[in-house]
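# An overview of the molecular structure
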Amino acid sequence: MKTLRIASAALMGLMMTTSFATPSFAGPNVVSGPGVDPACFAPWNADTKFFQWEKKEGPYRIAIVNGFVGNTWRIQMIKTAKAFAEDPSIKDKIKEFKVVSTGTDAPAQLGAIEDFINQGYDAIVTIALSPEGFDRVIRLADRENVVIVPFDNVLDTDTVMQINEDQLEMGRTYSRFVLKELAAQGKTSGKILEVRGLAGNSVDRDRSIGVHEVLDASGGTWEVIQVVGNWDDGTAQKVTADALAVHGTFDAIIVQGGSTGTTQALIDANHPFVPMAGESENGFRKLIAAHSAEGLKAISIGQSPGLVAIAMKAAVSALEGNVMPQLIAVPLPMSDYTELKDGVNYWSDLPDNFFTTNEFAPCGVNISGPAIMAQTEENVQ
C-alpha cells in the first residue's frame, strides 16, 4: 500500500507538471490595430484582431502548397504565383521560391507544409484542402516562427493570418451596379434574371444573399427569376436560354459565373442588351467591350486567382514585422464597361476562360495576362 501511495504521488506530480508546463510557442503576438497598409490589407470587420510576428531579415524562403491542379482557376493561380515572384516589387525580397501541388489528399498537403517548416522556410502560402486538421502544423509553425497564410479556401480558426474576398459584398456590388444603370434608364422596378452558382456552396449562398439584400432595400418592385448555372459557361448559356424562352425579356441580369455563356445566350436569342453584373472571365469582358455602346452596360468582378499574390505580399509584410489583420478582406477586383482596355484588364488574344482580375490597385499589384500565361503549372522544386 505504501508503494502504491508513493507511485500515486509521483503520478500526481507528473500530471501537475504536464498540466502547467505547456510548450512555449512563439508565433504572432496579438496586438492593437490598425495594421499596415489598410487600403490593401483591410481587416474583415471591426472585430478582427491583429497579429505581429517577430521581424526577420530578408530575403525570405517562401513556398506555395497547393492541393489539386484540376481546373483552369487553379492552374492560373499557380502561374500567377510564379509570375508575381518575378515582379520587381517583391523579387528582391525572395531568396528561394518553391511550388508544390499535392493532389486531393489532405494528409499529403499537411505533410508538405510540415516538410517546408522543417526545411527552414520563412512563410508558406496555401489553399487548404480542408478547413480543419491544421492544428499540428500551426503549432509547429508557431514554434519555428514560420508564417502560414491560407487564402481562398480558408481554415476554421483564427490562429493564422488568412486572406479572402468578401462574397457578401460582391453580391451587394452586383445589385448596386444594375440598380444604378436601371435608374439611369428611369426604371425603379422590373424583372431580373439571377444566374446562380453551384448549389449548396457557401460562395453561391453569400453572393445571392448580398444581391437580395440590396434589391430588397432599394424600395423598388423587382421580380427575380433564379436559375442555376454552376459557374460554368455551357450550363449558364443553356439555363439562360431556357429562362428567356419561358419568361421573355428581362430588365437586368446578375450572373455569378459563366458570364460569357449567359451573354452569348442573349445574343443568340436576339434579346436586347441590358445592364449586367458578372464574373471576371476574359470572354465576358471581350463581349462587354464589343457591345457596351449597344446597351451592354456591365460590371465584371471576380474571385481572382490573383489572391495568391496578395497572400504572398501579406506573408512578406508579416515577416518584416508589420502589424497585420488576422483575416484580410482583399479589395474586390472589378472593372465596368467604362474602364475596359484591351491589353490592360482584358486580352483579345487570350482564351475566353482566362480570369482577368489580377489587378489590385490598392495593393500595387497588377500582373499582366501574358506574364501569367507564360508560366507553367508544374511544381518548382
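Residues numbered from 1 in each chain as written. Predicted model: local features only at pLDDT ≥ 70, side-chain atom pairs only at ≥ 80, totals over all residues. Heavy atoms only, no water.

### Some details on the sheet that holds strand β14 (residues 324-325)
Across a sheet, strands are paired by hydrogen bonds formed along the backbone, either parallel or antiparallel in direction. Inclusion rule: Two strands are said to pair when DSSP picks up at least two bridges between them. Secondary structure elements are taken from DSSP: a helix is a run of H or I of four residues or more, a strand is a run of E of two residues or more, and numbering for both begins at the N terminus.
A sheet is described by the order of its strands in space; here three strands give the open sequence β1-β3-β14, paired in antiparallel fashion. The sheet terminates laterally at β1 (29-31) and β14, the two strands that pair on one side only. One ladder, built from two bridges, connects strand β3 (residues 50-52) with β14; its direction is antiparallel. Of the residues in β14, the one forming a bridge with F51 is M324.

### Focus: the pattern of salt bridges
The condition that has to hold: When a carboxyl oxygen of Asp or Glu lies within 4 Å of a side-chain nitrogen of Lys or Arg, that pair is called a salt bridge. The buried label goes to any residue with under 20% of its type's maximum accessible area, the exposed label to any with over 50%, and the partly exposed label to all in between, with areas taken from a 1.4 Å probe on protein chains only.
Tallied over the full model, the rule gives 18 salt bridges. Across the pair D204 and R196 runs a salt bridge, and its minimum N-O distance is 2.8 Å. The buried category is assigned to D204, whose relative accessible area is 3%. Residue K286 is joined to D352 by a salt bridge in which the shortest nitrogen-to-oxygen separation is 3.0 Å. Taken as a pair, K286 in helix α9 (residues 282-291) and D352 in the loop between β16 (334-336) and β17 (359-360) lie far apart in primary sequence, 66 residues in all.

### Thoughts on the pairing of strand β9 (residues 189-196)
Looking along a regular strand, one sees the side chains alternate between the two faces of the sheet. The element β9 is largely enclosed, with a buried count of seven among its eight residues. Summarising the sheet, β9 and strand β10 (residues 221-228) pair through eight bridges and their orientation is parallel. Residue pairing in the sheet places R196 in a bridge with V228 of β10. Both β9 and strand β11 (residues 252-255) contribute to a ladder of four bridges, which runs parallel. Among the inter-strand pairings, I192 is bridged to a residue of β11, identified as A252.

### Some details on the nonpolar core
Which entries qualify depends on this criterion: Working definition of a nonpolar core: buried Ala, Val, Leu, Ile, Met, Phe, Trp, Tyr and Cys residues. They are joined through side-chain atoms within 4.5 Å. Note on contacts: a residue pair qualifies if any of its non-hydrogen atoms lie within 4.5 Å across the two residues.
If you look at the biggest cluster of nonpolar residues, it comprises 49 residues, and the most contacted ones within it are F97, V125, F151, M161, I163 and M312. Element by element, the count of residues in this core is highest for helix α10 (residues 307-319), at 11 residues. Beyond its immediate sequence surroundings of up to four residues, V125 is in contact with A63, I64, V65, V149, F151, V308, A311, M312 and A315. Core analysis: the next-biggest nonpolar cluster, separate from the first, contains 22 residues, V239, F250, V274 and A298 among them.

### Brief notes about the packing of aromatic side chains
The test is simple: For this analysis, a ring pair means two rings from Phe, Tyr or Trp (six-membered ring only for Trp) whose centres lie within 6.5 Å, classed as stacked if their planes differ by under 30 degrees, edge-to-face if by over 60, and tilted for the remaining angles. Two conditions define a charge sitting above a ring: the NZ of Lys or the CZ of Arg must be within 6 Å of the ring centre, and it must be within 35 degrees of the ring normal.
Per the stated rule, a full pass over the model turns up four aromatic pairs. Each ring, one from F51 and one from W53, has its centre 5.7 Å from the other, and the planes form 85 degrees; the classification is edge-to-face. Overall, the relative accessible area of 2% leaves F51 in the buried class. The exposure class of W53 is buried, given its relative accessible area of 5%. For the pair F116 and Y121, a centre-to-centre distance of 4.9 Å together with 70 degrees between the ring planes defines the contact as edge-to-face. No difference in accessibility class separates F116 from Y121, as the two residues are buried. Over the ring of Y121 we find R61; its NZ or CZ atom is 4.2 Å from the centre of that ring.

### Some words on the sheet that holds strand β8 (residues 162-164)
Rule in force here: Axes here mean lines fitted to C-alpha atoms, for a helix over just the part in contact, with angles spanning 0 to 180 degrees between N-to-C directions.
Taking strand neighbours across the sheet as the criterion, the three strands line up as β2-β15-β8 in an open arrangement whose pairing is mixed. Looking along the sheet, the strands with just one partner apiece sit at the ends: β2 (42-43) and β8. Where β8 lies against strand β15 (residues 327-329), three bridges are found, and the strand directions are parallel. Bridging across to β15, N164 finds its partner in A329. Its contacts with the sheet put α10 on β8 and β15, and the angle it makes with β8 is roughly 150 degrees.

### Observations regarding the confidence of the model for the chain
Let me state the cut-off plainly: The predictor reports its confidence for every residue as pLDDT, a score running from 0 up to 100.
Averaged over all residues, the pLDDT of the chain is 89; the fraction at 70 or higher stands at 93%. Here residues 1-25 is a poorly scored stretch, pLDDT under 50, and it has three contacts once near neighbours within four places are set aside; other chains count.

### Description of unusual backbone geometry
Following G33, the chain continues into P34 via a peptide bond in cis, with omega recorded as 5 degrees. Along the chain, P34 falls in the loop between β1 and β2. In this chain, G58 is followed by P59 through a cis amide linkage whose omega measures 0 degrees. One non-glycine residue with positive phi stands out, namely D37, at about 45 degrees. Tracing the chain through its elements places D37 in the loop between β1 and β2. Look at D37 and you get partly exposed, because its relative accessible area is 32%.

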